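# Observations on the three-dimensional arrangement
For reference, the chains in residue letters:
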Amino acid sequence: MAAPLDLLRKVPLFEGLSKRELEQLSRSFKENRFSAGAEIATKGQRGVGFFVIGEGEVSYTVEGAETGRGGAGDYFGEVALIDDGARTATITAKTPLKCYGITSWEFRPLVESNAKLAWKMLETMAKRLRGAEQRAG
């Protein structure tokens, strides 16, 4: 099932997309459901997807310490869209969860053809990096 357009419109990464581009992107997402307590991503393991939370709540942990929570409209895995590298945090469903995921190979053509989206991703990742540095230091 495609991701709802109203959900994707809430994601800051997608602010610069036209309605047509957003619709195209929406069709690339796949619905995923997880039970409360399920580990969706594990720090240090390879990640290939980006997820937008449709319903439910997740917790973000690093080295066993909770660093935040996310709910409907929040997202995670944007770094994996770029490098398919290891996850930087563990994401666990706190409640039953419905989210929408997309793989890097589905997302890459859209980023390559949309400079606004690429720039927005860079801005978002820079902000998250600065926030992580401030928490660590």
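Refer to the structure presented above.
Residues numbered from 1 in each chain as written. Predicted model: local features only at pLDDT ≥ 70, side-chain atom pairs only at ≥ 80, totals over all residues. Heavy atoms only, no water.

### Regarding the nonpolar core
Taken as a class, soluble globular proteins show a tendency for nonpolar side chains to be buried jointly. Selection criterion: In plain words, nonpolar cores are sets of buried Ala, Val, Leu, Ile, Met, Phe, Trp, Tyr and Cys residues tied together by side-chain atoms within 4.5 Å. Only protein chains enter the calculation, and the probe is 1.4 Å; a residue is then buried if its accessible area is under 20% of its type maximum, exposed if over 50%, and partly exposed in between. Helix and strand definitions here come from DSSP, where helices need a minimum of 4 consecutive H or I residues and strands a minimum of 2 consecutive E residues; each element is numbered from the N-terminal end. Contacts are assigned to residue pairs with any non-hydrogen atoms lying within 4.5 Å of each other.
In this structure, Phe14, Leu25, Phe29, Phe50 and Phe107 are the most contacted members of the largest nonpolar core, which totals 22 residues. Counting only elements with at least two residues in this core, the list comes to α1 (5–9), α2 (19–28), β3 (49–55), β8 (97–103), α4 (104–112) and α5 (115–136). Non-local contacts of Phe107, meaning those with residues more than four positions away in its chain, are made with Phe14, Leu25, Leu81, Ile102, Leu117 and Met121. With 12 residues, the next largest nonpolar core counts Tyr60, Phe76, Ile91 and Leu97 among its residues.

### Looking at the pattern of salt bridges
Between side chains of opposite charge, pairing is possible as soon as their charged atoms come close. Put simply, the test is: Salt bridge criterion: a side-chain nitrogen from Lys or Arg within 4 Å of a carboxyl oxygen from Asp or Glu.
The full count for this structure, using the stated rule, is eight salt bridges. Notably, a salt bridge pairs Lys43 with Glu63, separated by 3.3 Å at the nearest N-O pair. In this pair, Lys43 sits in the loop between β2 (39–41) and β3 while Glu63 sits in the loop between β4 (58–62) and β5 (65–70), placing the two residues 20 residues apart along the sequence. What makes Glu63 exposed here is its relative accessible area of 67%. One salt bridge connects Glu66 with Arg69, and the closest N-O pair in it is separated by 3.0 Å. By relative accessible area, Glu66 is classed as partly exposed at 42%. When its relative accessible area of 44% is taken as the criterion, Arg69 is described as partly exposed.

### Quick notes on the layout of surface pockets
Applicable threshold: The method works on a 1 Å grid over the protein atoms by themselves. A cavity is a set of points holding a 1.4 Å probe that cannot get out, a pocket is an open set with protein on both sides within 12 Å along at least five of seven lines, and residues with an atom within 4 Å of a point line them. Grid points are joined across faces, edges and corners, and a volume is the space filled by probe spheres set on the points. Under the convention adopted here, Pro, Cys and the residues Ala, Val, Leu, Ile, Met, Phe, Trp and Tyr are nonpolar, Asp, Glu, Lys and Arg are charged, and Gly plus all remaining residues are polar.
By volume, the largest pocket is sized at about 710 Å³. Top element by residues in the lining of the largest pocket is α5. It accounts for five residues. Here the residues of the lining of the largest pocket sort into 12 nonpolar, five polar and six charged. One number sums up the size of the second largest pocket: a volume of about 260 Å³. Contributions of two or more residues to the lining of the second largest pocket are made by α3 (78–83), α4 and α5.

### Considering the sheet that holds β4
Threshold: Note on pairing: two strands pair once DSSP finds at least 2 bridges between them. Geometry is summarised by axes, namely lines fitted to C-alpha atoms with helices restricted to the contacting stretch, and by angles between N-to-C directions that run from 0 to 180 degrees.
Taken together, the four strands give an open sheet; going across it, the order is β2-β7-β4-β5, and neighbouring strands pair in antiparallel fashion. Lying at the two open borders of the sheet, with one neighbouring strand each, are β2 and β5. Taking the axes of each pair of neighbouring strands and ignoring which way they run, one obtains an average angle of 30° across the sheet. Alignment of β2 against strand β7 (residues 90–93), held across two bridges, turns out to be antiparallel. Looking at the pairing, Ala41 lines up with Ile91 of β7.

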